[in-house]
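Working through the structure, step by step
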Amino acid sequence: MVDEDMKLDCRPDFVTLVWTERRSQADLSLFRLGNCSPTRISATEAVFSVYVNDCNFRRIVTGDHLMYTNDLTYSSSPDFTYPVACAYERPNNWYPLIYEPVFSTYGLGDLVFHIGLMNADFSGPAESATFPLGSFIPIMASVSQMTHQPLLLLLEECVAATTAELQPESTLYPIIANKGCLVDSLVSHSKFERRQKSSEIHLSLQAFRFGLGERVFIHCKLVAWDPNGMDRTKKACHYVKEHGWELLDNSAYSNLCDCCESDCKSRRTRSTASGTDPSCTLAPSI
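Keep in mind that what you see is a predicted model, and the values were worked out from it rather than measured.

Here we come to the sheet that holds strand β19 (residues 244-247). Overall, mixed pairing links the three strands, which are arranged β14-β18-β19 in an open sheet. In the strand order of this sheet, the two ends are held by β14 (181-182) and β19, each with one partner. Examined bridge by bridge, strand β18 (residues 237-240) and β19 share four bridges and lie antiparallel to one another. Within the sheet, the bridge partner assigned to His 238 lies in β19 and is Glu 246.

As structure tokens, this is what we get:
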């Protein structure tokens, strides 16, 4: 969306926005695109030349398109907000790593989290984001460890919603809840797959009926944790028919999953483990 005072040039990975200010008393340095200040200013213009991965751009997958959205604001006027949007065709070899930031954690440095839709055997990215009802949606999440101590990646919470951003009025379907319990596996064949490495987690999610006629978004909260620090709040559990709840990483300790149908709270009074928990969003079509 472009106002008559705003010129927007959407290039691959790069955006240039020029705002022409007609009020002589305005301080052009107070304009913000997301959390970015102007790249340069003149007597009448504020110019932003930025990458779409910067400035808190929101990335949404809609069918065959990628949509990057943001807001132009004026910090001394809370009511001044202009939406900014750039739409691109989705490349055939692209799959939605919707949330790909760098997080800092005390004593661990920077961690890079990824999440994406995969092909059936998790050997590569999905060729399509459309899945028939009842089929499996392969989801892989990972954390790049770089020089850090070994980390265990966990999916603490996932919900399906019909909105790209969770709102108080959003209709939700719980997939993972209660600190790592795959509650959808109680009523489906969804399951965690055997780990290939501690820094990755693979989820086979059975496509379900939800939000008929609407776009479905899967929102997840990730946790990177000490592999030796699992407890009732740091775990990956799924329900195995005729068996019960099972811990992904060591079935001998599946008692950590006993709380999955009640309330999973840590029995520890203090923990020395360190972790971080970014949120992320996927948008498969079902």
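Let us look at the packing of aromatic side chains. According to the stated counting rule, one finds 11 aromatic pairs in the structure shown. A ring pair is formed by Phe 14 and Tyr 51, whose centres lie 5.0 Å apart and whose planes are at 80 degrees; its orientation type is edge-to-face. Here the residue Phe 14 occupies a position in strand β2 (residues 14-20), and Tyr 51 occupies one in strand β5 (residues 45-51), the gap between them amounting to 37 residues. According to the relative accessible area criterion, Phe 14 is partly exposed, its value standing at 25%.

Enumeration according to the criterion identifies six disulfides in this entry. Across the disulfide, Cys 36 is cross-linked to Cys 55 (sulfur-sulfur distance 2.1 Å). Between Cys 36 and Cys 55, the S-S dihedral sits near -95 degrees, and the bridge is therefore left-handed. With Cys 36 in the loop between β3 (31-33) and β4 (40-41) and Cys 55 in the loop between β5 and β6 (58-62), this residue pair connects regions lying 19 residues apart in the sequence. The side chain of Cys 181 participates in a disulfide bridge whose partner is Cys 260; the two sulfur atoms lie 2.1 Å from each other. Every disulfide takes its handedness from the sign of the S-S torsion; for Cys 181 and Cys 260 that torsion is -80 degrees, giving left-handed. Remark: Cys 260 occurs in the loop between β19 and β20 (279-282) and Cys 181 occurs in strand β14; sequence separation between them is 79 residues. A relative accessible area of 6% places Cys 260 in the buried class. Ordinal numbering of bonded cysteines along the chain defines a disulfide pattern of 1-4, 2-3, 5-7, 6-11, 8-9, 10-12.

The rules behind the values
- Residues numbered from 1 in each chain as written.
- Predicted model: local features only at pLDDT ≥ 70, side-chain atom pairs only at ≥ 80, totals over all residues.
- Heavy atoms only, no water.
- Pairing = 2+ DSSP bridges.
- Helix = DSSP H or I, 4+ residues; strand = E, 2+ residues; numbered from the N terminus.
- Phe/Tyr/Trp six-rings, centres within 6.5 Å; stacked < 30°, edge-to-face > 60°.
- Buried < 20%, exposed > 50% of the residue type's maximum accessible area, 1.4 Å probe, protein only.
- Disulfide = S-S within 2.5 Å.

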